[in-house]
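An overview of the molecular structure
Letter by letter, the chains look like this.
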Amino acid sequence: MKRYKIAVIPGDGTGPEVIREGLKVLNAACDFEKISCDYEMFDYGGERYLKTGVVLTDEELNGLGKFDAIYLGAVGHPGVKPGILEKGLLLKMRFDLGQYINLRPVKLYPGVDCPLKGKGPADIDFVVVRENNEGFYCGEGCFENKGTKDEVAIQISRNTRKGVERCIRYAFELTRKRNKRKKLTLCGKTNVLTYAFDLWERTFYEVAKEYPDITTDYAHVDATCMWMVKNPDWFDVIVTDNMFGDIITDLGAMIQGGMGIAAGGNINPKGVSMFEPIGGSAPKYTGKNVINPLAAISAGGMMMEFLGEEKAGDRIEKAVMSVTANRLKSLAAGKMGYSTSEVGDLVVEALKK
Ligand code: IPM
Ligand code: MN
């Protein structure tokens, strides 16, 4: 029997509630497929920071690097100044564990209300490959004359050839593996960001020569937003930098039914990857058992797939799809027609069929 060691970080706000349901579903899927997971729980997050002043030490980070995968709930606490937990915990894991891909599927499941008029599951099924280690997220920059009338704030987007190339290669490989429309779209802003996206564009078309079976396309980020709303069926895989990827995947989450369903993976193809629902800690719903756990459950499914347990991952996705198709009234917190834990139970029930 295969055994995996999973580090679980429920985190802040509604994180623990959705992770609880995610683990419930993972356990059921693992039983079915004869897989065993050892979970180790970590209390990293806002509460611990407020008590101890520690976000994540290097030692703790090294510890996380010894697991097969990390399962994360949410990061963000109303009592902690924005940026501290994000930089010290989430981005630190993404960067220092070399999770250079942020993979965000945008898929409209059956039965889910789509805000786009006339669009259904056949129209919305693509994946965003977001670069996850560079760009504006490198945190480089400075102030000049801070606090004066002549203040200047400079924020740098760092793009390395190696970083861009490995991301683009990953996206080409994924497009091939998906074997759907076989189309990869580079999303950039070559008309204004003439250094960063010049590098991206050159690299994209160079690597493309090795993938003659893949159709390439380019769209500026503003136009990408427009097409995502108007013609989402044009997309198969989109590759883009960290900042644009952050923005367009929130739009992606909305067209697939909302934050309650959107899952993502922070992937280090040769190391430890981390899986999370892409929504935040939702402080106003905390502890009420009303938040939608499907995003966290789907993130668990992605984690199985990346561990090489495609059957378990598939089983979880199909179960989630059957719950959206047949049971839930809405995906919105408090409006599902069921509580958080009941939704977890429904997925487990569907999974056994
Ligand atoms: C996300 C989040 C993070 C990001 C924040 C919390 C730092 O918005 O995962 O998309 O910007 O990457
Ligand atoms: Mn985001």
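The model shown is predicted, which means the values in this text are computed figures rather than measured ones.

**Description of the overall build of the protein chain**
Within the protein chain, the secondary structure is distributed over 11 helices and 12 strands. Computed over C-alpha atoms, the radius of gyration of the protein chain comes to 20 Å, within 12% of the 20 Å expected from 2.2 N^0.38 for 353 residues, which places it in the range of a compact globule. Principal axes of the C-alpha set define a box for the protein chain whose edges measure 55 × 50 × 40 Å. Within the span of the protein chain, comprising 353 residues, buried residues form 52% of the whole. In the form shown here, the protein chain has an accessible surface area of approximately 15,800 Å², with 53% of it arising from carbon and sulfur atoms. In the protein chain, 47 positive and 47 negative side-chain charges are present, and the distance between their average locations comes to 3 Å.

**Details of the domain arrangement of the protein chain**
Its domain assignment divides the protein chain into domain 1 (1-100 + 271-353) and domain 2 (114-256). A C-alpha centroid distance of 25 Å is found between domain 1 and domain 2. In this complex, domain 1 contributes nine residues to the contact, which on the side of domain 2 involves 13 residues. For the pairing of domain 1 and domain 2, the buried interface totals around 960 Å² over both sides, and the portion due to carbon and sulfur atoms is 53%. For the pair domain 1 and domain 2, the interface holds zero salt bridges. At the junction of domain 1 and domain 2, the tally comes to four residue pairs in polar contact (both at pLDDT 80 or more). Looking at which element gives the most residues to the side of domain 1 that touches domain 2, the answer is helix α4 (residues 84-96), with three residues. Partitioned by chemical class, the residues of the side of domain 1 that touches domain 2 number six nonpolar, two polar and one charged.

**Re the site of ligand 1**
Ligand 1 sits among Glu86, Leu90, Arg94, Arg104, Arg130, Tyr137 and Asp246. The side chain of Arg104 places a nitrogen or oxygen atom 2.8 Å from an oxygen atom of ligand 1. Separating an oxygen atom of ligand 1 from a side-chain N or O atom of Asp246 is a distance of 2.8 Å. The element that contributes the greatest number of residues to the shell around ligand 1 is α4, accounting for three residues. Each of domain 1 (1-100 + 271-353) and domain 2 (114-256) gives at least three residues to the shell around ligand 1.

**Re helix α6 (residues 196-208)**
With 13 residues, α6 should reach 18 Å at 1.5 Å per residue; the first-to-last C-alpha distance of 18 Å fits that figure. Regarding α6, the residues found buried are Ala196, Phe197, Leu199, Trp200, Thr203, Phe204, Val207 and Ala208. One side of α6 carries all its buried residues, which in axial view fall inside an arc of 155°. Check the buried side of α6 and you find it contacts β5 (125-131), α5 (161-178), β8 (183-188), β9 (215-220), β10 (237-240) and α8 (242-255).

**Description of the layout of surface pockets**
Taken as a whole, the largest pocket holds about 830 Å³ of empty space. Along the walls of the largest pocket sit 27 residues, with Pro105, Arg178, Met302, Glu305 and Glu317 positioned nearest its centre. Looking at the lining of the largest pocket, the elements that each hand over two or more residues are β4 (101-107), β5, α5, α9 (294-306) and α10 (310-326). Here the residues of the lining of the largest pocket are counted per class, giving 13 nonpolar, four polar and 10 charged. The two domains that each donate at least three residues to the lining of the largest pocket are domain 1 (1-100 + 271-353) and domain 2 (114-256).

**Observations regarding unusual backbone geometry**
Backbone geometry follows two general trends: most residues other than glycine have a negative phi, and most peptide bonds adopt the trans configuration. The phi dihedral of Lys34 is positive, around 60°, even though this residue is not glycine. The backbone of Lys182 shows a phi angle near 55°, a positive value even though the residue is not glycine. Relative to the helices and strands, Lys182 resides in the loop between α5 and β8. On the basis of relative accessibility, which here comes to 22%, the residue Lys182 falls in the partly exposed class.

**Details of the pairing of strand β2 (residues 35-41)**
Two strands pair when backbone bridges link them, and strand β1 (residues 2-11) and β2 are joined in this way by seven bridges, in the parallel orientation. Residue pairing across strands places Lys2 opposite Ile35, the latter belonging to β2. Running through helix α1 (residues 15-33), the crossover from β1 to the neighbouring parallel element β2 is right-handed.

The rules we used
Residues numbered from 1 in each chain as written. Chains lettered and ligands numbered in written order. Predicted model: local features only at pLDDT ≥ 70, side-chain atom pairs only at ≥ 80, totals over all residues. Heavy atoms only, no water. Helix = DSSP H or I, 4+ residues; strand = E, 2+ residues; numbered from the N terminus. Rg over C-alpha atoms; globule rule 2.2 N^0.38 Å. Buried < 20%, exposed > 50% of the residue type's maximum accessible area, 1.4 Å probe, protein only. Areas by Shrake-Rupley, 256 points an atom, 1.4 Å probe, with all protein chains shown as cover. Lys, Arg positive; Asp, Glu negative; His and termini not counted. Charge placed at Lys NZ, Arg CZ, Asp CG, Glu CD. Domains from an automatic or database assignment. Contact = heavy atoms within 4.5 Å. Buried area = accessible area lost by both parts, 1.4 Å probe. Salt bridge = Lys/Arg side-chain N within 4 Å of Asp/Glu carboxyl O. Polar contact = N/O pair within 3.5 Å; in protein donor to acceptor, adjacent residues only side chain to side chain. Nonpolar A, V, L, I, M, F, W, Y, C, P; charged D, E, K, R; others polar. Near = heavy atom within 4 Å. Expected span 1.5 Å × (residues − 1). Arc of directions from axis to C-beta. 1 Å grid on protein atoms, 1.4 Å probe; cavity = no way out; pocket = protein on both sides within 12 Å on 5 of 7 lines; lining within 4 Å. Points joined across faces, edges and corners; volume = space filled by probe spheres on them. Pairing = 2+ DSSP bridges. Right-handed = clockwise from strand over helix to strand, strands pointing away.

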